[in-house]
2 protein chains.
Amino acid sequence: MFKTLPGFRDFYPEDCAVRNYLFRVWRRAALSFNFKECDGPILESLELFKEKSGDEIVGQLFAFTDRGGREVALRPEMTPSLARMVAARAQAMKRPIKWFCIGENFRYERRQRGRLRSFYQFNADIFAEPGPGADAEVIAALIHSLRMMGLSTDDFVVRISDRDLWILYLRSLGLGEKAILALLNLIDKRERLSRDVVLERLRPFFHGSAEDFLLNVETLTRTRNMDDLSAFVQAHLTGGELSDAVKRRLSSWVELLDRLERMGLGNWICIDMGVVRGLAYYTGFVFEAFDRRGEHRAIAGGGRYNHLVKKLGGPDMPAVGFAMGDVVIGQILSEKGLLPCRPQKPDLFIIMGKGKPAATALGLLHDLRRAGFSVEYPLRPVAFGKQFKAAHQSGAGLAVILGEDEVEKGVAKIKHLRSGKEEETPLKDLVAKLSDHCR
Amino acid sequence: MFKTLPGFRDFYPEDCAVRNYLFRVWRRAALSFNFKECDGPILESLELFKEKSGDEIVGQLFAFTDRGGREVALRPEMTPSLARMVAARAQAMKRPIKWFCIGENFRYERRQRGRLRSFYQFNADIFAEPGPGADAEVIAALIHSLRMMGLSTDDFVVRISDRDLWILYLRSLGLGEKAILALLNLIDKRERLSRDVVLERLRPFFHGSAEDFLLNVETLTRTRNMDDLSAFVQAHLTGGELSDAVKRRLSSWVELLDRLERMGLGNWICIDMGVVRGLAYYTGFVFEAFDRRGEHRAIAGGGRYNHLVKKLGGPDMPAVGFAMGDVVIGQILSEKGLLPCRPQKPDLFIIMGKGKPAATALGLLHDLRRAGFSVEYPLRPVAFGKQFKAAHQSGAGLAVILGEDEVEKGVAKIKHLRSGKEEETPLKDLVAKLSDHCR
């Protein structure tokens, strides 16, 4: 017996219905924000992801050499493809560019809860708008889509952080770019390590003052409001050379929070400098959505990536966006009973006698489908009793019955399968009559 | 600059709109026939496709070894995955099983018109119904979906053939299984070869009577109605041993054509024994949809594959289905001007003054989106004139204007962007008012 590869999924009709529900909500949320849908290829040059996505993801690529000798990889995420596409047509497009996409991504991860090797992602991105208005818009879209699934402020929160501010802080301590990247990675993984291990890893950078630095990191990551964040920045980041950049970050923070507050989204967000994001290309604000109880991995994550379009050969174009996978949100909605479980059902089931009635029924069948009804019927001659059973099992609300008597009289019997009520209608009026019942 | 791999596509918003239009029509057509949507993984064990899909397709696989040492391949078609999924749960499912799916497939083909290395396919399949009622149902679904795209009997035809009848005929000439497969392949490719080459390749099987055989093949493939088909069969297939099987095929033909005729689809189909289908797993009826002018490759193709589920470890379960790619039908619809070219547009554009109006506008914005409107607005403070220009460019039908005067009066101005007409509405009535205009 052939098996599905580990980490890949079969979507039987009941699974596909859940997947399509997520797709529909994502699409409706994005459209209400006037993001335009786009998509890129599932297979790309390996080079596109190397150094663009960060070492962790590159180590998980499904990469191979194709029959033409090209080094290629299944996309592990959408952002590099989107940035490549924007870079290629940047000059011709109206700005700001607001794009969303819903697509499959592939990462060869070890198997663990909330992670699969193939998963779908909803991405929403804004290009060419540097101000916090764009950050607020994508965060609002993220919150909007989760609310459309029935989640409330009790269920999730978006934690917002600032990679720029981290970098400014670490630079003010005299650290170089390489050390800064290593430290951001460590801060990202901090909660999965013991305090002693973290200190051990900090020592090469800080020697005797590693403990002091860690205390400061802990203070900063515990900060939950603008006053405390400003106070920390004023206490630790007052070097003259940096202060303009720092002031700009703080005023961006004020504008971002103000906009989200004005949109009525204040209860869905919090400041959390503990969010750093693993991907190498992030700059500026970064954020992650989590379930409030902290029982799941991040529901979604995103942030600014102002340099990526240029790195991929395009103009210097700021960008911000987020991605939400289908796996974690699927688990959360399932636990809360928020996934739809209505199986797809036909509107009508046609029950037919053999011979002339069957011939009439086949003509009718096609007319009804052309008129937009979902219609089921027996694919071979079957006794009436079995047909009624099949009609009930199909989940159809109505049966249209064509026996010899009906065909002779030029009528059809409509049976309401839930109430058992029956009525007769001339064949010529059938479509109109059924429309009354179904619409 | 990074490039898209050859044979792969970027879907910019205008391309994505076309793709999604096809997906929507396919989905609606399938649902009106009560097919249930499902999907399989894009990556499968290489073994699943080897010998199942036929040598031609296996030679075009994107195959590689994954990080866990598994031989894997991007799916070149959906049928093996669907048959695998049915085989795995065959006992638990209500029969007949009617499934459809819309998914991406991958073949490393040389570049030519109508062929890409990544393409989407619409598949519709019926499992567990051996009779021609199932064949008629999938052919009807194929025709229905093309009609929903605006194509008429002038535009396309479904050519129906019979691999079983071919096999019975070749067997009656004393040929073995291997020779039969080789000859079917040759008959499939016949029109792309010169008559001399075909004769040359027939000679090893027929020696002196190759010419006679070819004449018979030509007679059979020119047959366009049931009388001529019966006449050919009676003239060439009257061996005692075969006659029961042959009679069953002829009565299946009569039933299939009768059902399609009753459904009002007689003008969309024809008998054409020249259709053989390249895939190794086909049995019984096979069919292909072509544009009437013969300018394109097949729009869609399908047929019976009664042995595949069992070969994949399931029960002995008959099956029939078809697949339609997005590339050829996309070209045809484009040439006929039948592709939608309405870009996606927001319902509303909010134009706002700085300061208090902007604050009010952001709250309103979110309310309007929650109410289901697609709403656009400037992501940063912009002069009124520029905002009006952006509103027009966005394609929105209505602008909602919030200046200082309006906010002071507790109203918003609604501007109909096509007519220029303006009206004032109290903010509390705005959602209701806009609903009247937009719905």
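These figures come from a predicted structure and were not determined experimentally.

Right, let's talk about the sheet that holds strand β16 (residues 422-426) of chain A for a bit. Residues and elements named next belong to chain A. The sheet built from five strands is open, its strands ordered β13-β12-β14-β15-β16 with mixed pairing. Because the sheet does not close on itself, it has two edges, and the strands there are β13 (375-376) and β16. In terms of strand pairing, strand β15 (residues 411-416) meets β16 through five bridges, oriented antiparallel. What sits directly across from A412, in β16, is T425. Lying on the sheet, helix α17 (residues 430-438) is in contact with β12 (348-352), β14 (398-402), β15 and β16; it crosses β15 at an angle near 10 degrees.

A word on helix α5 (residues 132-148) of chain A. Residues and elements named next belong to chain A. Taking 1.5 Å as the rise per residue, α5 with 17 residues should run 24 Å; its terminal C-alpha atoms sit 24 Å apart, in good agreement. With 15 of 17 residues buried, α5 lies mostly within the body of the structure. In the stretch just after α5, G150 is the one whose phi turns positive, near 100 degrees.

Residues and elements named next belong to chain A. Across its 15 residues, helix α14 (residues 356-370) extends 22 Å between first and last C-alpha, which sits within 8% of the 21 Å expected from 1.5 Å per residue. Among all positions of α14, only P357, A359, A361, L362, G363, L364, L365, H366, L368 and R369 are buried. Within two residues after α14, G372 carries a phi angle of roughly 105 degrees, on the positive side.

Residue R95 of chain A is joined to P96 of chain A through a cis peptide bond whose omega torsion reads -5 degrees. Of note, P96 of chain A is situated in the loop between α4 (79-89) and β5 (97-106). With a phi close to 80 degrees, A128 of chain B is a non-glycine residue in the positive phi region. Phi at H207 of chain B is positive, roughly 50 degrees, even though this residue is not glycine.

Listed per partner, the contact involves 96 residues of chain A and 97 residues of chain B. Both sides of the chain A and chain B interface together cover about 8500 Å² of buried area, and 56% of this is carbon and sulfur. Ranking the residues of chain A by area buried against chain B places F2, Y12 and L379 of chain A at the top, with a combined share of 10%. Taken together, the connections running from chain A to chain B amount to 14 salt bridges. Here E137 of chain B makes a salt bridge to R369 of chain A, at a shortest N to O gap of 2.7 Å. Taken together, the links from chain A to chain B amount to 48 residue pairs in polar contact (both at pLDDT 80 or more). Residue contributions to the side of chain A that touches chain B peak at eight residues, all from helix α1 (residues 13-32) of chain A. Looking at side-chain class alone, the side of chain A that touches chain B contains 48 nonpolar, 18 polar and 30 charged residues.

A separate point is the relation of the copies chain A and chain B. Aligned on chain B, chain A shows an RMSD of 0.0 Å; the corresponding rotation is 180 degrees and the shift along the axis is 0.0 Å. Expressed as an axis order, the relation between the two copies is that of a two-fold axis. Taking C-alpha positions as the reference, the residue of chain A nearest the rotation axis is F64 of chain A, at 3.2 Å. Same-surface contact between copies: 100% of interface residues of chain A are shared with the interface of chain B.

A few words on the environment of V286 of chain B. All names here are of chain B. Within the secondary structure, V286 sits in strand β9 (residues 283-291). A C-alpha to C-alpha distance of 9.0 Å links V286 and D135, two positions 151 residues apart in sequence. The residues touching V286, leaving out its near neighbours within four places in the chain, are R159, I160, S161, D162, R163, V275, V276, R277, G302 and G303.

Next up on the list: the pattern of salt bridges. Considering all chains together, one arrives at 66 salt bridges over all chains under this definition. Note that D135 of chain A and R304 of chain A form a salt bridge whose closest N and O atoms lie 3.0 Å from each other. Remark: R304 of chain A occurs in strand β10 (residues 300-304) and D135 of chain A occurs in helix α5; sequence separation between them is 169 residues. R304 of chain A shares its class with D135 of chain A; the two are buried. Its salt-bridge partner being E218 of chain B, residue R195 of chain B comes within 3.0 Å of it at the nearest N-O pair. Remark: E218 of chain B occurs in helix α9 (residues 210-222) and R195 of chain B occurs in helix α8 (residues 195-206); sequence separation between them is 23 residues.

Right, let's talk about the confidence of the model for chain A for a bit. Counting all residues, the mean pLDDT for chain A is 94, and 98% of those residues have values of 70 or more. Here the predicted complex scores 0.95 on pTM and 0.95 on ipTM.

This next bit is on the sheet that holds strand β8 (residues 269-271) of chain B. All names here are of chain B. Taken in spatial order, the eight strands line up as β1-β5-β6-β11-β10-β9-β7-β8 in an open sheet, and their pairing is mixed. Unpaired on one side and paired on the other, β1 (36-37) and β8 mark the two borders of the sheet. Two strands pair when backbone bridges link them, and β1 and strand β5 (residues 97-106) are joined in this way by two bridges, in the parallel orientation. Pairing of E37 across the sheet is with F100, part of β5. Sheet strands touched by helix α4 (residues 79-89): β5 and β6 (118-127). Its angle to β6, the strand with the most contacts, is close to 40 degrees. Sheet strands touched by helix α6 (residues 163-172): β7 (156-162) and β9. Its angle to β7, the strand with the most contacts, is close to 40 degrees.

In this structure, E104 of chain B sits in strand β5. Comment: no salt bridge for buried E104 of chain B; closest opposite-charge side chain is R75 of chain A, at 5.8 Å. A distance of 2.6 Å separates the side chain of E104 of chain B from the side chain of S118 of chain B, its partner in a polar contact. Beyond its immediate sequence surroundings of up to four residues, E104 of chain B is in contact with I42 of chain A together with I42, R75, S118, F119 and Y120 of chain B.

What follows covers the packing of aromatic side chains. One pair of aromatic rings is described through two measures. These are the centre distance and the angle between the planes. Scanning the model with the defined rule gives 43 aromatic pairs over all chains in all. With 6.2 Å between their ring centres and 75 degrees between their planes, F100 of chain A and F122 of chain A make a pair best called edge-to-face. Of the two residues, F100 of chain A is situated in strand β5 and F122 of chain A in strand β6 (residues 118-127); the sequence distance between them amounts to 22 residues. Pair check on accessibility: F100 of chain A and F122 of chain A agree, each one buried. Put simply, the rings of F11, F23, W26, F100, Y120, F122 and F322 of chain A pair up and form one aromatic cluster. The ring of Y12 of chain A is capped by R89 of chain B, whose NZ or CZ atom sits 3.6 Å from the centre of that ring.

A surface patch of like charges, here positive, comprises R24, R28, R342, K345 and R418 of chain A. Along the chain, the position of R28 of chain A falls in helix α1.

This next bit is on the environment of G395 of chain B. All names here are of chain B. Counting through the fold element by element, G395 comes out in the loop between α15 (384-394) and β14 (398-402). For G395, a relative accessible area of 15% gives the class buried. Remark: the alpha-carbon pair of G395 and G385, spanning ten residues in sequence, is separated by 16 Å. When neighbours within four sequence positions are excluded, G395 is seen to be in contact with K345, P346 and R418.

Rules behind the numbers
Residues numbered from 1 in each chain as written. Chains lettered and ligands numbered in written order. Predicted model: local features only at pLDDT ≥ 70, side-chain atom pairs only at ≥ 80, totals over all residues. Heavy atoms only, no water. Pairing = 2+ DSSP bridges. Helix = DSSP H or I, 4+ residues; strand = E, 2+ residues; numbered from the N terminus. Contact = heavy atoms within 4.5 Å. Axes fitted to C-alpha atoms, helices over the stretch in contact; angles between N-to-C directions. Expected span 1.5 Å × (residues − 1). Buried < 20%, exposed > 50% of the residue type's maximum accessible area, 1.4 Å probe, protein only. Buried area = accessible area lost by both parts, 1.4 Å probe. Salt bridge = Lys/Arg side-chain N within 4 Å of Asp/Glu carboxyl O. Polar contact = N/O pair within 3.5 Å; in protein donor to acceptor, adjacent residues only side chain to side chain. Nonpolar A, V, L, I, M, F, W, Y, C, P; charged D, E, K, R; others polar. Least-squares fit on C-alpha atoms with pLDDT ≥ 70 in both. pLDDT = per-residue confidence, 0-100. Lys, Arg positive; Asp, Glu negative; His and termini not counted. Phe/Tyr/Trp six-rings, centres within 6.5 Å; stacked < 30°, edge-to-face > 60°. Lys NZ or Arg CZ within 6 Å of the ring centre and 35° of its normal. Patch = residues over 30% accessible without salt bridge, like charges linked within 9 Å, V, L, I, M, F, W, Y side chains within 5 Å. Areas by Shrake-Rupley, 256 points an atom, 1.4 Å probe, with all protein chains shown as cover. Charge placed at Lys NZ, Arg CZ, Asp CG, Glu CD.

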